[in-house]
Amino acid sequence: MGKEFKRYETFEDAYLVIDEMLNKRKGKWTLSSITFMDYEDVKQIIKIHLWKKWGQYNHNLPLEPWISTIISNQIKN
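Reading the values: rules and limits
- Residues numbered from 1 in each chain as written.
- Predicted model: local features only at pLDDT ≥ 70, side-chain atom pairs only at ≥ 80, totals over all residues.
- Heavy atoms only, no water.
- Salt bridge = Lys/Arg side-chain N within 4 Å of Asp/Glu carboxyl O.
- Helix = DSSP H or I, 4+ residues; strand = E, 2+ residues; numbered from the N terminus.
- Buried < 20%, exposed > 50% of the residue type's maximum accessible area, 1.4 Å probe, protein only.
- Axes fitted to C-alpha atoms, helices over the stretch in contact; angles between N-to-C directions.
- Parallel < 35°, antiparallel > 145°, perpendicular 65-115°, else oblique.
- Left-handed = near helix turned anticlockwise from the far one by under 90°.
- Contact = heavy atoms within 4.5 Å.
- Nonpolar A, V, L, I, M, F, W, Y, C, P; charged D, E, K, R; others polar.
- Core = buried A, V, L, I, M, F, W, Y, C linked by side-chain atoms within 4.5 Å.

### Observations concerning the pattern of salt bridges
- Applying the stated criterion to the full structure yields 4 salt bridges.
- For E20, the salt bridge identified is with K24, shortest N-O distance 3.7 Å. A residue pair is termed a helical-turn pair when its members lie 3 or 4 positions apart in one helix, as E20 and K24 do in helix α1 (residues 11-25) at 4 residues.
- The class for K24 is exposed, based on a relative accessible area of 60%.
- K43 serves as the salt-bridge partner of E40, at 3.9 Å between the closest nitrogen and oxygen. Placement of the pair is E40 and K43 together in helix α2 (residues 39-53), with a separation of 3 residues, close to one helical turn.
- Note on E40: relative accessible area 40%, which makes it partly exposed.

### Comments concerning the packing of α1 against helix α3 (residues 63-76)
- Interhelical geometry of α1 versus α3 gives an angle of 45° and a closest axis separation of 11 Å. Between α1 and α3, the interaxial angle falls into the category oblique. Both α1 and α3 take part in a crossing whose hand is right-handed. Contacts between α1 and α3 involve A14, V17, I18, M21, L22 and R25 from the former and L63, E64, I67, S68, I71, S72 and I75 from the latter.
- For the contact of α1 with α3, the class distribution of residues is 9 nonpolar, 2 polar and 2 charged.

### Focus: the nonpolar core
- Counting 19 residues, the largest nonpolar core has I18, L50, W54, L63, W66 and I67 as its most contacted members.
- Contributing elements (two or more residues each) for this core: α1, α2 and α3.
- Sorting elements by how many residues they give to this core places α1 first, with 6 residues.
- Residues contacting W54, with those up to four places away along its chain left out, are Y8, E9, T10, F11, A14, H59, L63 and W66.

Okay, structure coming up:
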């Protein structure tokens, strides 16, 4: 039988997990070319992106790897 994981049906249900995962990445993020943007701004942009993509999340899979991939890709962009 597969590994059990917590299911999050709505973005709002997963909000605290998303916020926690973003906070863990703060130390890895640096941007010196745009001085008017800080990590709080980046967090909001990523949260909006996750909210827009929520319909693409497969609820039969764990949430954390999906969020981690999106966070990594957004920070790279």
